[in-house]
Amino acid sequence: MTDLLGEDVKEQLTSEIPLNCLGTTDDVAGAVAFLVSEDGRYITGQTLHVNGGMYM
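Only a predicted model underlies this, so the values are computations on that prediction, with no experimental measurement involved.

*Asks:* Give me the overall build of the protein: which residues, what numbers.
*Replies:* Along its length, the protein carries two helices and zero strands. Here the C-alpha radius of gyration of the protein, 14 Å, is well above what a compact globule of 56 residues would show, namely 10 Å. Oriented by its inertia axes, the alpha-carbon framework of the protein measures out at about 40 × 20 × 15 Å. Per-residue burial over the protein gives 11% buried out of 56 residues. When the accessible area of the protein is evaluated, it comes to approximately 4900 Å², of which 57% is carbon and sulfur surface.

*Asks:* Any chance you could break down the pattern of salt bridges for me, citing the residues and the numbers?
*Replies:* Per the stated rule, a full pass over the model turns up two salt bridges. As a salt-bridge pair, K10 and E7 come within 3.9 Å of each other at their nearest N and O atoms. One end of the pair is K10 and the other is E7, both in helix α1 (residues 7–15) and three residues apart, which spans about a single turn. K10 gets classed as buried once you look at its relative accessible area, which sits at 17%.

*Asks:* Now, about the environment of T14: what can you tell me, with residues and values included?
*Replies:* In this fold, T14 is placed in helix α1. Contact partners of T14, with chain neighbours within four places excluded, come to N20, C21 and L22.

*Asks:* Go over the environment of G40 with me, naming the residues and quoting the values.
*Replies:* Mapping G40 onto the fold places it in the segment after α2 (25–36). A residue is classified by how much of its surface remains accessible, and G40, at 2% relative accessible area, is buried. Put simply, G40 and T25 are 15 residues apart on the chain and 19 Å apart in space, counted from C-alpha to C-alpha. Setting aside residues no more than four positions away along its own chain, G40 makes contact with F34 and L35.

*Asks:* Mind laying out a nonpolar patch on the surface, listing which residues take part and the relevant values?
*Replies:* A surface patch of nonpolar side chains, amounting to about 690 Å² of accessible area, comprises V28, V32, F34, L35, V36, I43, L48 and V50. As for its placement among the helices and strands, I43 is situated in the segment after α2.

Thresholds, definitions, all that
Residues numbered from 1 in each chain as written. Predicted model: local features only at pLDDT ≥ 70, side-chain atom pairs only at ≥ 80, totals over all residues. Heavy atoms only, no water. Helix = DSSP H or I, 4+ residues; strand = E, 2+ residues; numbered from the N terminus. Rg over C-alpha atoms; globule rule 2.2 N^0.38 Å. Buried < 20%, exposed > 50% of the residue type's maximum accessible area, 1.4 Å probe, protein only. Areas by Shrake-Rupley, 256 points an atom, 1.4 Å probe, with all protein chains shown as cover. Salt bridge = Lys/Arg side-chain N within 4 Å of Asp/Glu carboxyl O. Contact = heavy atoms within 4.5 Å. Patch = residues over 30% accessible without salt bridge, like charges linked within 9 Å, V, L, I, M, F, W, Y side chains within 5 Å.

Here it is in structure tokens:
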């Protein structure tokens, strides 16, 4: 999703994220894997933000 952004824009975004990095597909996949696993079976009706703390 960020491949087309210029390096200056990526640096600006990264500076606004508490974890100081852009997310990856693996970050999202990990959250999905948890939700579909037995560990996530009792989680319902929630919005899961996978954003490194960008909107907190």
